[in-house]
Amino acid sequence: MGPGDAALGADILGAVKASITRLWPLAIAPAAFLLSSCEAPGGISPIFPTPVSPNGQNIFNTYIGISVPAIIVFVLVEAALLWVVIKYRRSKQPAGYIPPQVHGNFTLEIAWTIAPLIIVLGIAGYSFAELQKDFQPVTNYDFEVVVSGHQFGWNYTYPEGFTIQQEGTLAGDVQPFVVPVNKLIRLRMQGTDVIHSWWVPAISGKTDAVPGYDNFTWLKIDRVGTWRGECAELCGSGHSTMQIIVQSMEQSDYDAWVQKQKAGQS
Amino acid sequence: MAAVQTLPRPKAYDDTFWKPITLWLTTTDHKLIGIMYMVTGLLSFVIGGIFALIIRLQLSQPHLSVVDAETYNQLISAHGVTMIFFFVTIFLTGIANYMVPIMIGARDMAFPRVNLLGFWLVPVSILLYYGGFFTGGALDAGWTGYAPLTEKAYQGHSLGVDFWALSIIVWAISGIMASTNFLTTIVALRAPGMKLTRLPLFVWAQISTSILLLVVGAPLAAAMILVEFDRQLGTQFFTTQGRPVLYQHLFWFFGHPEVYIMILPGFGMISEVIPVFARKPIFGYMSMVAALFGIVFLSMTVWAHHMFTVGMNTYVEGFFMLMTMLIAVPTGIKFFNWIATAWWGSIEFTLPMKFAFGFLATFLIGGITGVYLASVPVDTQLHQSYYVVAHLHYVLFGGSVFTIFAGIYYWFPKITGRKLNRTLGEWNFWTLFVGFNGTFLIMHTLGLEGMPRRIATYANPAWAATNMIITVSSFLIAFSVLLFFINVIRSWYGGEIAGNDPWRANTLEWATTSPPPPYNFERVPPVRSFMPLRDLREAGELPAEPEPEPGSR
């Protein structure tokens, strides 16, 4: 280590400190933008659609949580790059300037090994807590629907015995998968031919329907409405037609709908 | 070409390039083989780019049918396979084939004939893959070729999947040959004084890349052989009755390290370019090497992060999440070391340096979005969506392709004896930078809004405007690449003569003529540090070249 190394360390640390104090608002602004614009319908949105199920809400929160360190790191590193580009170009240096021949700085190198380590361990721990909370098999569900993916469509078999068929099309809407509001429904995913993936972004993440074993997810929609999704695993030439529509209704409406389905299919 | 004749051309230029075709076909010279690798890679870049443009036309508006869904699936598969297997990996093998022996002061690779065979397997692999298009349709299950969609029951009509599997087996054999050759060369053929601790970082990057390809090439070939068994012999490894997820494990055990096979040589090139143009030694040489090996180790323990939605045990998912996030640590070390190298420097923003900084600015985004994707809960939303497509292009285009351009602009004078044109190069850089970010930055939002990847068309009108912007920007990328090829062809014939050491660089390849003679060095210069050429220059053992004026090149 040469005599310039300690000074270089102080210089970089000083610039990092100055950037943190000066650029803090820059890091916060996009986060605030993320939070405020989550209601934006369509168009360019930096966040998922408004979650309507608790597991989707938790994923949403995890995403925001990761965004805070991510945006700070992004702004600091891009600022450092810009600083280098502006400040240290040869045309800005005095004529005949010979840069200090620094080969490294042990303290600094340890610092930027430890700091990212702490950040990613924090993010991993935070994510793992959410993983344990919402991705374990649920047992306290109200009822279970068997969701079966095939080329190209989805079948939903209800405990009452009838089946709703969502045959894939892009020409119009498919038949909705109807659920009651505020009921925890377990979905048992099955694949009958190739792998499909059931995804409605407003409800929660994806769950693959793989031939050979059952895969599980759940939903508990907190309001009346209709939500759209698509198959998310390439499954053949009709992949893009495998629309998903989930409709939630009040319990009374749902009961009437179930009676109608039973009558229609018996 | 009358003007060309008036320029003083090094005699070795004619010796190297104007050989009869039979010599090109049979040469064991690592430089000529390197050039053939690079040309093959760049041709694949053009072909894969044309596939990409058709894909973008198809997606520019909802409900389009520029191509039908079946053709579309073949195009996305061919785009992925071409860019990953036939462009980036092949090009990087080529540039290493050319540079590694010269940088360590060797006359050739350790096994010149294995090198020859390894190269000629590449066109065999490429032709096998495209052969699928003439047998009723090429692979249409994505570049990953997930089972059981590749099973005969769903692909009975064509031999495309068989051609793909055979092509990848041949490719893996070629890669294993090249890796063995690189490792042996670097271990056995270093010049006197070239200790391991004095190797250029590009050579260290090639060591780590070769180790990776050596370890993961064989499982890839094994997976493809099992796919063929399922299809042709009726076995049930990955079929609907078998274990489709097993295929994903085998494939991604190759597939994730492959990402690092495509970026580590780029890291190496950036580690060469930044010190030269900042006029400072690389910051933290040993930690750069350690970080490379940290990445090599970690990259083999993260494959199942591509499979977080198949329904694994949450503790297993937690393990893969943690290992994936840990890769941010060695990558961060490299990033900070690059910035510290440039800090206090006297930076000359030549074209290689511009591409190096373009790489730093964009690859950072790919790295950060990678942390989101590693988080299992968040990944279940982002997985298989356009967010992932944006992320992987930030890593592979903002990463690999920008470093490849940096490497080409840096080493073109050494390979051809002539510099690339500065004006065309500036246009190339800025149109590429704008076109690239215009295409892929906005693509993240499509994924967040719920647009899955690999859909042939879509009905949602809310995605139309974004897709149109992406398509227009992608044509800007095509324009930029066109400028690049015009520049390469023009400069190759009529560019400014470069001289031996146009950049006042640090490593051995700049000690010999441009282009180097077939035997590389008349006399291998002494190596006293990891910057042997700078030592010679300071000791007055090189002809003095004045420091150029800022902005003059």
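Structure's up top.
Residues numbered from 1 in each chain as written. Chains lettered and ligands numbered in written order. Predicted model: local features only at pLDDT ≥ 70, side-chain atom pairs only at ≥ 80, totals over all residues.

**Q** Please explain the overall build of chain A as it appears in this structure.
**A** Helix and strand counts for chain A come out as four helices and ten strands. Of all 266 residues assigned to chain A, the portion counted as buried reaches 36%. The long-range share in chain A, meaning contacts at least 24 apart out of those at least 6 apart in sequence, stands at 71%. (Helix = DSSP H or I, 4+ residues; strand = E, 2+ residues; numbered from the N terminus. Buried ≥ 20, exposed ≤ 12 C-beta atoms within 10 Å, placed from the backbone. Contact = placed C-beta atoms within 7 Å.)

**Q** How should I be thinking about the sheet that holds strand β8 (residues 215-219) of chain A in this particular structure?
**A** The strands making up a sheet associate through hydrogen bonds between their backbones, and the pairing can be parallel or antiparallel. All names here are of chain A. Across the sheet, five strands lie side by side as β3-β2-β1-β5-β8; this open sheet has mixed pairing. In this open sheet, the two strands that pair with only one neighbour each are β3 (163-167) and β8. On average, adjacent strands in this sheet sit at an angle of 25 degrees to one another, irrespective of strand direction. Judged from the five bridges that link them, strand β5 (residues 185-191) and β8 form a sheet pairing that is antiparallel. Residue pairing in the sheet places Arg 188 in a bridge with Phe 216 of β8. (Pairing = 2+ DSSP bridges. Axes fitted to C-alpha atoms, helices over the stretch in contact; angles between N-to-C directions.)

**Q** Can you walk me through the pairing of strand β6 (residues 196-199) of chain A in this structure?
**A** Across a regular strand the side chains alternate sides, sitting on one face of the sheet and then on the other. Residues and elements named next belong to chain A. Along β6, one buried face is formed by His 196 and Trp 198 and the opposite face, lined by Ser 197 and Trp 199, is buried too. Inspection of the sheet shows β6 paired to strand β7 (residues 207-209) by three bridges, in the antiparallel sense. The partner of His 196 across the bridge, within β7, is Ala 209. Summarising the sheet, β6 and strand β9 (residues 225-231) pair through two bridges and their orientation is antiparallel. When the sheet's bridge partners are listed, Trp 198 is paired in β9 with Cys 231.

**Q** Can you walk me through the interface of chain A and chain B in this structure?
**A** Interfaces are often described in size by the accessible area the parts lose on coming together. Residue-level contacts link 78 residues of chain A with 80 residues of chain B. Only α1 (4-36), α2 (54-87), α3 (106-134), β6, β7 and β9 of chain A provide two or more residues apiece to the side of chain A that touches chain B. Of the residues belonging to the side of chain A that touches chain B, the class tally is 42 nonpolar, 25 polar and eleven charged. (Nonpolar A, V, L, I, M, F, W, Y, C, P; charged D, E, K, R; others polar.)

**Q** How do you make sense of the packing of α3 of chain A against helix α12 (residues 328-342) of chain B when you look at a structure like this?
**A** For any two helices packed against each other, the geometry comes down to the angle between their axes and how far apart the axes lie. Two numbers describe how α3 of chain A lies on α12 of chain B: the axes approach to 9 Å, and their chain directions differ by 140 degrees. With respect to α12 of chain B, the element α3 of chain A is oriented oblique. In this structure, the crossing between α3 of chain A and α12 of chain B has a hand that is right-handed. Here α3 of chain A contributes Trp 112, Thr 113, Pro 116, Leu 117 and Val 120 of chain A to the contact with α12 of chain B, which in turn contributes Ala 328, Val 329, Gly 332, Ile 333 and Phe 336 of chain B. Looking at the contact of α3 of chain A with α12 of chain B residue by residue, the classes come out as eight nonpolar, two polar and no charged. (Parallel < 35°, antiparallel > 145°, perpendicular 65-115°, else oblique. Left-handed = near helix turned anticlockwise from the far one by under 90°.)

**Q** Just to check I follow, could you spell out the sheet that holds strand β4 (residues 177-180) of chain A for this structure?
**A** All names here are of chain A. As summarised here, the arrangement of the five strands in space is β4-β10-β9-β6-β7, forming an open sheet in which the pairing is mixed. In the strand order of this sheet, the two ends are held by β4 and β7, each with one partner. Averaged over all pairs of adjacent strands, the angle between strand axes in this sheet comes to 25 degrees, irrespective of strand direction. In this structure, β9 lies alongside strand β10 (residues 243-249), joined through six bridges in antiparallel fashion. Its bridge partner being in β10, Arg 228 is matched across the sheet by Ile 245.

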